[in-house]
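# Coordinate inspection notes
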Amino acid sequence: MEKKRANDEFEPGPILPSQSVDRFEFIKQEQNSSEGLSTSRSANEHEREERRIRKWRKIIGVGGSDWKQYVRRKPHVVKKLIRKGIPDCLRGLVWQLISGSRDLLLMNPGVYEQLVIYETSASELDIIRDISRTFPSHVFFQQRHGPGQRSLYNVLKAYSVYDRDVGYVQGMGFLAGLLLLYMSEEDAFWLLVALLKGAVHAPMEGLYLGVKVVFKVGLALLKFCHDDLIKLPFEKLIHALRNFPEDAMNPDTLLPLAFSVKVSKRLEELQQEYEKRNGGTLPKAGSTNRLLQAIKHKELSIKPERSNCVQKDDPSPRILH
């Protein structure tokens, strides 16, 4: 992960010595230990991760030299491994190989530097305004005018010039910011191009996940913590729902559970009925407990969906593949 930390010329960020960060370097939110849920990771998970890393390194080869040949020979194996999850330390390289952005970079030497240094963008002020709002709880982006914010600005500005029809849109910074946590500016830029314009796969422009995916993730969180949440009184339940434990938020655990949930068409009918009755207002207090009870008694017609990507010994699709 390419990160240049604070230099003397940069204004210090708001990170306090007492604050701790998780394994992705996001600042942890304070939790009351008596109300929090279990967050430990077993030794078996670490051993499993090491095995996966060794397997992926063998497939990729040095610097990705064996990747294309392996994909041609065993595409189904690659698909299965991607669904199970790309090891964190290899994500940057694998994302570039899967998306075709590595080829774009090699075919366009010097283009990124030209876009950043010599071109101007009509979106520059909008980008500057939004920079500090992008991952404000991550140490790499917290420093005002620091290396993280500068790199993010450069990537977004370069893309707004490269694709003037799209330019810059709010929210694009979160995608570019995530890429910068795994690779250099230039690599992140070409991966952003590959994703949005579709170098190998279909373009992401205009992609909309919809309420069903969000609902599945929410149900997965509630199901994962169900046994602990159902025992809490309402006053402590609110705190727990705002502070899910690390193991519940782990994409290796959360995503397989979310995509194994099959929600019936009844959800759309209930959504329409709710909007008609409440005009989009928030649910009343106590509805969370009713939802938990409904999950427990299967009143929402939730059924596990058979999926080849969920293995008993390794439930680990990641957030991005």
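Because the structure is predicted, anything quoted here is derived from the model rather than measured.

Within the secondary structure, Tyr162 is located in helix α9 (residues 147-162). Discounting chain neighbours no more than four positions away, the residues touching Tyr162 are Leu115, Phe189, Trp190 and Val193.

So, about a positive patch on the surface. Taken together, the side chains of Arg51, Arg54, Lys55 and Lys80 define a basic patch exposed on the protein surface. The element that contributes the greatest number of residues to the positive patch is helix α1 (residues 43-60), accounting for three residues. Summarising the element assignment, Arg51 is placed in helix α1.

Turning to the confidence of the model for the protein chain, a few remarks are in order. Here the protein chain averages 76 in pLDDT, while 73% of its residues score no lower than 70. Confidence drops under a pLDDT of 50 for residues 32-39, and excluding neighbours within four residues, the segment shows twelve contacts in the predicted structure. Below a pLDDT of 50 lies the segment residues 295-321, which in the model reaches 70 contacts outside its immediate sequence neighbourhood of four places, other chains included.

A few words on the packing of helix α10 (residues 172-180) against helix α11 (residues 185-197). How two helices sit against one another is set out by the angle between their axes and by the gap between those axes. Interhelical geometry of α10 versus α11 gives an angle of 130° and a closest axis separation of 9 Å. For the element pair α10 / α11, the angle class is oblique. When you trace α10 past α11, the crossing you get is right-handed. Facing α10, whose interface residues are Met172, Leu175, Ala176, Leu179 and Leu180, α11 presents Glu185, Ala188, Leu191, Leu192, Leu195 and Leu196. Each residue belonging to the contact of α10 with α11 can be placed in one class, and the counts come to ten nonpolar, no polar and one charged.

It is worth spelling out unusual backbone geometry at this point. You will see that Phe135, though not glycine, has its phi angle at about 45°, which is positive. In this fold, Phe135 is placed in the loop between α7 (124-131) and α8 (139-142). Phi is positive for His145, which is not a glycine, with a value near 60°. With respect to the helices and strands, His145 occurs in the loop between α8 and α9. By relative accessible area, which is 46% here, His145 ends up partly exposed.

Thresholds, definitions, all that
- Residues numbered from 1 in each chain as written.
- Predicted model: local features only at pLDDT ≥ 70, side-chain atom pairs only at ≥ 80, totals over all residues.
- Heavy atoms only, no water.
- Helix = DSSP H or I, 4+ residues; strand = E, 2+ residues; numbered from the N terminus.
- Contact = heavy atoms within 4.5 Å.
- Patch = residues over 30% accessible without salt bridge, like charges linked within 9 Å, V, L, I, M, F, W, Y side chains within 5 Å.
- Areas by Shrake-Rupley, 256 points an atom, 1.4 Å probe, with all protein chains shown as cover.
- Salt bridge = Lys/Arg side-chain N within 4 Å of Asp/Glu carboxyl O.
- Lys, Arg positive; Asp, Glu negative; His and termini not counted.
- Charge placed at Lys NZ, Arg CZ, Asp CG, Glu CD.
- pLDDT = per-residue confidence, 0-100.
- Axes fitted to C-alpha atoms, helices over the stretch in contact; angles between N-to-C directions.
- Parallel < 35°, antiparallel > 145°, perpendicular 65-115°, else oblique.
- Left-handed = near helix turned anticlockwise from the far one by under 90°.
- Nonpolar A, V, L, I, M, F, W, Y, C, P; charged D, E, K, R; others polar.
- Buried < 20%, exposed > 50% of the residue type's maximum accessible area, 1.4 Å probe, protein only.

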